[in-house]
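# Summary of structural features
The primary structure of each chain is shown beneath.
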Amino acid sequence: MPDIPTATPRARVRVPLRFADGYGADAELVTFHGLADGREHLAVVLGDPGPVPLVRLHSECLTGDVFGSARCDCGPQLREAVERIAERGGILLYLRQEGRGIGLYNKLDAYALQDEGLDTYAANAALGLPEDARDYTAAAQMLTALGVPELDLLSNNPDKAAQLRALGITVRDRVPTGVFATAHNIRYLRAKALQTRHTLPLTELTGLTAG
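Residues numbered from 1 in each chain as written. Predicted model: local features only at pLDDT ≥ 70, side-chain atom pairs only at ≥ 80, totals over all residues. Heavy atoms only, no water.

## A look at the overall build of the protein chain
The helix and strand inventory of the protein chain stands at seven helices and seven strands. When the helices and strands of the protein chain are listed from N to C terminus, the series reads β-β-β-β-α-α-β-α-α-α-β-α-β-α. Counting the 211 residues in the protein chain, one finds 48% classified as buried. Restricting to contacts in the protein chain with at least 6 residues of sequence separation, those with at least 24 account for 62%. For the protein chain, the accessible surface area stands at approximately 10000 Å², while carbon and sulfur atoms represent 52% of it. (Helix = DSSP H or I, 4+ residues; strand = E, 2+ residues; numbered from the N terminus. Buried < 20%, exposed > 50% of the residue type's maximum accessible area, 1.4 Å probe, protein only. Contact = heavy atoms within 4.5 Å. Areas by Shrake-Rupley, 256 points an atom, 1.4 Å probe, with all protein chains shown as cover.)

## Here we look at the pairing of strand 4 (residues 54–59)
Where a strand is regular, its side chains alternate between the two sheet faces. Among the six residues in strand 4, six count as buried, and that is most of the element. Neither face of strand 4 is open: one carries Leu54, Arg56 and His58, the other Val55, Leu57 and Ser59, and all of them are buried. Here six bridges tie strand 4 to strand 5 (residues 90–95), and the two strands are oriented parallel to one another. Residue pairing for strand 5: leucine 54 is matched across the bridge by glycine 90. Bridge analysis of strand 4 against strand 6 (residues 150–154) gives two bridges, and the strand direction is parallel. Its bridge partner lying in strand 6, leucine 54 is registered against aspartate 152. (Pairing = 2+ DSSP bridges.)

## Side note on the environment of arginine 56
Looking at where arginine 56 falls in the secondary structure, it is placed in strand 4. Along the primary structure arginine 56 and leucine 93 are separated by 37 residues, whereas in three dimensions their C-alpha atoms are 6.1 Å apart. With residues near it in sequence (within four places) discarded, arginine 56 still touches Gln77, Ala81, Ile85, Ile91, Leu92, Leu93, Leu154, Ser155, Lys160 and Thr177. A distance of 3.1 Å separates the side chain of arginine 56 from the backbone oxygen of leucine 154, its partner in a polar contact. (Polar contact = N/O pair within 3.5 Å; in protein donor to acceptor, adjacent residues only side chain to side chain.)

## Thoughts on helix 3 (residues 104–115)
The end-to-end C-alpha separation of helix 3 is 17 Å, in line with the 16 Å expected for twelve residues at 1.5 Å each. Among all positions in helix 3, only Lys107, Ala110, Tyr111, Leu113 and Gln114 are buried. Buried positions in helix 3, seen along its axis, are confined to an arc of 160 degrees and lie on one side of it. Away from its buried face, by an angle of more than 90 degrees, helix 3 presents the exposed residues Tyr105 and Asp115. Downstream of helix 3 by one or two residues, glycine 117 has phi in the positive range, about 120 degrees. (Expected span 1.5 Å × (residues − 1). Arc of directions from axis to C-beta.)

## A look at the pairing of strand 3 (residues 42–46)
Burial of strand 3 is extensive: four of the five residues sit out of reach of the surface. Bridge count between strand 2 (residues 24–33) and strand 3: four bridges; the pairing is antiparallel. The partner of alanine 27 across the bridge, within strand 3, is leucine 46. Sheet topology places strand 3 next to strand 5; five bridges connect them, and they run antiparallel. Its bridge partner lying in strand 5, valine 44 is registered against leucine 92.

## Considering the sheet that holds strand 2
Strand order in this open sheet of seven strands is 1-2-3-5-4-6-7, and the pairing throughout is mixed. Of all strands in the sheet, those with a lone pairing partner are strand 1 (8–18) and strand 7 (170–175), marking the two edges. Across the sheet, the mean angle from the axis of one strand to that of its neighbour is 30 degrees, orientation sign disregarded. (Axes fitted to C-alpha atoms, helices over the stretch in contact; angles between N-to-C directions.)

## Observations concerning the packing of aromatic side chains
Within the structure shown, the criterion is met by one aromatic pair. On the basis of an interplanar angle of 40 degrees and a centroid distance of 6.2 Å, the ring pair of phenylalanine 19 and tyrosine 23 is categorised as tilted. In this structure phenylalanine 19 comes out as partly exposed when scored by relative accessible area, which is 23%. Arginine 71 extends its terminal NZ or CZ atom over the ring of tyrosine 111, reaching a point 4.2 Å from the ring centre. Across the ring face of phenylalanine 19, the terminal group of arginine 79 is positioned such that the distance to the ring centre comes to 5.7 Å. (Phe/Tyr/Trp six-rings, centres within 6.5 Å; stacked < 30°, edge-to-face > 60°. Lys NZ or Arg CZ within 6 Å of the ring centre and 35° of its normal.)

## Digging into the side chain of glutamine 163
Along the chain, glutamine 163 falls in helix 6 (residues 158–166). A polar atom in the side chain of glutamine 163 sits 3.3 Å from the backbone oxygen of arginine 134. Within the structure, the side chain of glutamine 163 is placed 3.0 Å from the backbone nitrogen of tyrosine 136, a separation counted as a polar contact.

Shape descriptors only; they carry no functional weight alone.
In structure tokens, the structure reads:
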């Protein structure tokens, strides 16, 4: 195991989750002491996690998760993940990494550049920011604190699996999420598939016109 600081659970509280489409699930929310980046990340424990739980690392997206923005697929992915994890048993880590780690204001600045024709990664670069600034050390700390050395990862992003493995977490399998394409996010999804090798089927992303 790499030499990373030890985190410990801080508090656990039961919270019933209810979504706009009527779906609901009971969750246990876990907070932590000692996370490496000092942010208030949250573990959402759903169902009855087994020895190899289903886990999603979900980066916070205010525009998508809260306001239902159609410029990304974050809101639908969050909703899907809660149901799939609750059915099987596992954990959703809600990570405070808005805009792939660049923050909300910078993300909105990047949106403005995307409106001028840049893709999501080129827009970050034009602002002098990393294409993806996320580090998953805190996620590995949280999983270790919860006694999860091995998992199946619900993600289309190969970098999440690679970082977790480098941090000492065994990723047995990477389970793809759904494809939530709209005319508003099609360029975003194609950029993820082409530039960062997300497992998104390009054939399903060619029938929509970018809006």
